[in-house]
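If you want the building blocks of each chain, they are given just below.
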Amino acid sequence: MSAALHKLAADVELATPERERWVVQTESFYDARGRVYLELSDATPAEAERGMAMLRKLVG
């Protein structure tokens, strides 16, 4: 699980345009689940939408 989360996080980092201000984070749980998410402090609605669109595209 950890390797899969890190791979997805790396894919997100590589797909992130330089102009974006978000930070890619991972979190794993004890029951073999986890998540990759974007930390978007003070994000504009447009920035949040771009981030969500990128995540949707990469996850499928």
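This text gives an overview of the structure that appears in the document. Owing to the predicted nature of the structure, the values given are computational and were not obtained by experimental measurement. Here the residue numbers are simple positions, counted from 1 along each chain's written sequence. This being a predicted model, a pLDDT of at least 70 is required before a residue's local features are given, and a value of 80 or more before pairs of side-chain atoms are given or counted; all residues contribute to the totals for chains, interfaces and linings. In computing side-chain values, all of the structure's heavy atoms are included and hydrogens and water are not.

Quick word on the pairing of strand β2 (residues 34–39)
A pair of strands is considered paired only if DSSP assigns at least 2 bridges between the two. Going along the chain from the N terminus, every DSSP run of H or I of four or more residues is numbered as a helix, and every run of E of two or more is numbered as a strand. Two elements, strand β1 (residues 23–28) and β2, share six bridges in a ladder whose sense is antiparallel. Paired with Glu27 across the bridge in β2 is Arg35. Count of turn residues in the β1/β2 antiparallel hairpin: five residues, of which Ala32 carries a positive phi of about 65°.

Some details on the packing of aromatic side chains
Each aromatic pair joins two rings of Phe, Tyr and Trp (for Trp, the six-membered one) with centres within 6.5 Å, and gets the label stacked for planes under 30 degrees apart, edge-to-face for over 60, and tilted for any other angle. Applying the stated rule across the entire model yields zero aromatic pairs. The side chain of Arg35 reaches across the aromatic face of Tyr37, ending 4.1 Å from its centre. Two conditions define a charge located above a ring, namely a distance within 6 Å from the ring centre to NZ of Lys or CZ of Arg, and an angle within 35 degrees of the ring normal.

What about the nonpolar core?
Among the buried residues, those of types Ala, Val, Leu, Ile, Met, Phe, Trp, Tyr and Cys that are joined through side-chain atoms within 4.5 Å form a nonpolar core. With a 1.4 Å probe rolled over the protein chains alone, any residue whose accessible area is under 20% of its type maximum counts as buried; one over 50% counts as exposed, and the rest are partly exposed. Judged by nonpolar contacts, Leu5, Ala9, Val12, Trp22, Val24, Val36, Leu38, Met54 and Leu55 together constitute the single largest core of nine residues. Mapped onto this core, the elements with two or more residues apiece are α1 (2–15), β2 and α2 (45–59). Of the residues forming this core, the biggest block, three residues, is contributed by α1. We call two residues contacting when some pair of their heavy atoms lies within 4.5 Å. Those residues in contact with Leu5, other than ones at most four positions away along the chain, are Thr26, Glu27, Ser28, Gly34, Arg35 and Val36.

Points about unusual backbone geometry
Here the phi dihedral of Ala32 falls at roughly 65°; this positive angle occurs in a residue that is not glycine. Its location among the elements puts Ala32 in the loop between β1 and β2. By relative accessible area, which is 53% here, Ala32 ends up exposed. Despite not being glycine, Asp42 shows a phi value in the positive range, around 60°. Tracing the backbone shows Asp42 in the loop between β2 and α2.

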